[in-house]
Amino acid sequence: MKCMERFRLPCRLCNSEAFTAEERQVVRFRFDLQRFADGDKTEEPTAKKRSDAAKKGQVGKSQELSTAFVLLIGFAVIKVLWQQIYTTIAGYTIYIFGHLNQTVDVENVLTLFIGVVIIIAKTAMPIMLAVMVVGLAINLAQTGLIFSTEKLEPKLDNLNPINGVGRMFSKRSIVELVKSLLKIAVIGFFIYNYLKDEIFTMPQFIFYDLATSLSKISDIIFALAFQVIGVIFIIAFLDYGYQKWQTTQDLKMTKQEVKDEFKQTEGDPQIKGKIRQKQRQMAMSRMMQEVPKADVIVTNPTHFAVALKYEKGMVAPQVIAKGADFVAQKIKSIGRENDVPLVENRPLARALYASAEVGDFVPRELYQSVAEVLAYVYRLKHRRRRA
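A. Quick look at the environment of Leu374. Tracing the backbone through its elements, the reader meets Leu374 in helix α13 (residues 367–386). With 64 residues separating them along the chain, Leu374 and Tyr310 place their C-alpha atoms 8.7 Å apart. Setting aside residues up to four positions removed in sequence, Leu374 forms contacts with Asp295, Val296, Tyr310 and Pro317.

What follows is the structure in structure tokens.
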């Protein structure tokens, strides 16, 4: 039957007498839903899934957040060092214009070039170092220390124009486009809103000296920059939350993937069950091998059996085997085969079974009862020897 082959339904579902056509359709529809549900990625990614993805470089991080911090630190360092930068560049500019009458030769050009390199190092190096350190720190804070060559490996799929078009019109690309347009619009609005008032004062700068003009222009630039950076920070934090959410969505798993991963990490439950069963069998076999060494077996008489052993120098008698029902019968059978005395004492058998595990010594509160049983067994053995 097709429905049985496809959905593994009982044969009675195909029997028109058992179900109407409408009922059979409902049942098939439910199994269709179940079948598709098993393939849907509805489960949260496991720790192993996240770890494997991180090794491949697939982690939730926002480039906007790194950009925001880099801009903030860059402009902050420039503002702090602005006077020093201005003084250094102005001093060297005056030096160059003061030596324009020198002969243009290799030595003079080399001297000027070295001077320019030194000026750049003095003015730009602190900014570059601060930006580099902050950029690395923000990326490490978002993703942790990850070394992966996955993104560097060449893939032929990347050269496929059809895949390229698919990536261009993918959900992620559309979101990035909308985000970029929104960022341009918001930042453009803030720039326009700020400059519309300041732009009318700028023509007056021609009446100021160079130092005053640069000072006023720098004030306008820094004020505008920090306002824009504040807007970028808001966008960056929103983008960071979105990237985390999107990464989680991309890593979601189907129910079958969760089951397969559990089997890989924890082992197949059936195999583990067989291993535990084998371990119990081995433990039972070792326990049964100890029964012939017992001095006495205390019985219920039918439900419980506890084998005790006592040797000179032991702190107390030791439980070397115990069992209930079938195991108890097996212990008693082995005891009879090896002439181990069986003593019926229901309260003591129950107490020993409940309070002591195999290999444990008899609890202190049962010393007297066990001593009486052992004394009886020793007297019995002594009589047999005399007889």
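B. The arrangement of unusual backbone geometry in detail. Despite not being glycine, Asp325 shows a phi value in the positive range, around 55 degrees. Mapped onto the secondary structure, Asp325 falls in the loop between β3 (318–324) and α11 (326–337). Residue classification places Asp325 among the partly exposed residues on the basis of a relative accessible area of 44%. Of note, Asp339 is a non-glycine position whose phi angle comes to about 60 degrees, a positive value. Among the structural elements, Asp339 can be located in the loop between α11 and β4 (342–344). Judged by relative accessible area, which is 64%, Asp339 ranks as exposed.

C. Region of interest: the side chain of Ser62. Tracing the backbone through its elements, the reader meets Ser62 in the loop between α3 (47–55) and α4 (63–98). Judged by its relative accessible area of 0%, Ser62 falls in the buried class. Not counting residues up to four positions away in its chain, the partners in contact with Ser62 are Gln142, Ala236, Asp239, Tyr240 and Gln243.

D. Quick look at the side chain of Asp295. Mapping Asp295 onto the fold places it in the loop between α10 (269–290) and β1 (296–299). Classification of Asp295 as buried rests on a relative accessible area of 13%. Here the side chain of Asp295 touches Tyr310 through a polar contact of 2.6 Å, landing on its backbone nitrogen.

Parameters at a glance
- Residues numbered from 1 in each chain as written.
- Predicted model: local features only at pLDDT ≥ 70, side-chain atom pairs only at ≥ 80, totals over all residues.
- Heavy atoms only, no water.
- Helix = DSSP H or I, 4+ residues; strand = E, 2+ residues; numbered from the N terminus.
- Contact = heavy atoms within 4.5 Å.
- Buried < 20%, exposed > 50% of the residue type's maximum accessible area, 1.4 Å probe, protein only.
- Polar contact = N/O pair within 3.5 Å; in protein donor to acceptor, adjacent residues only side chain to side chain.

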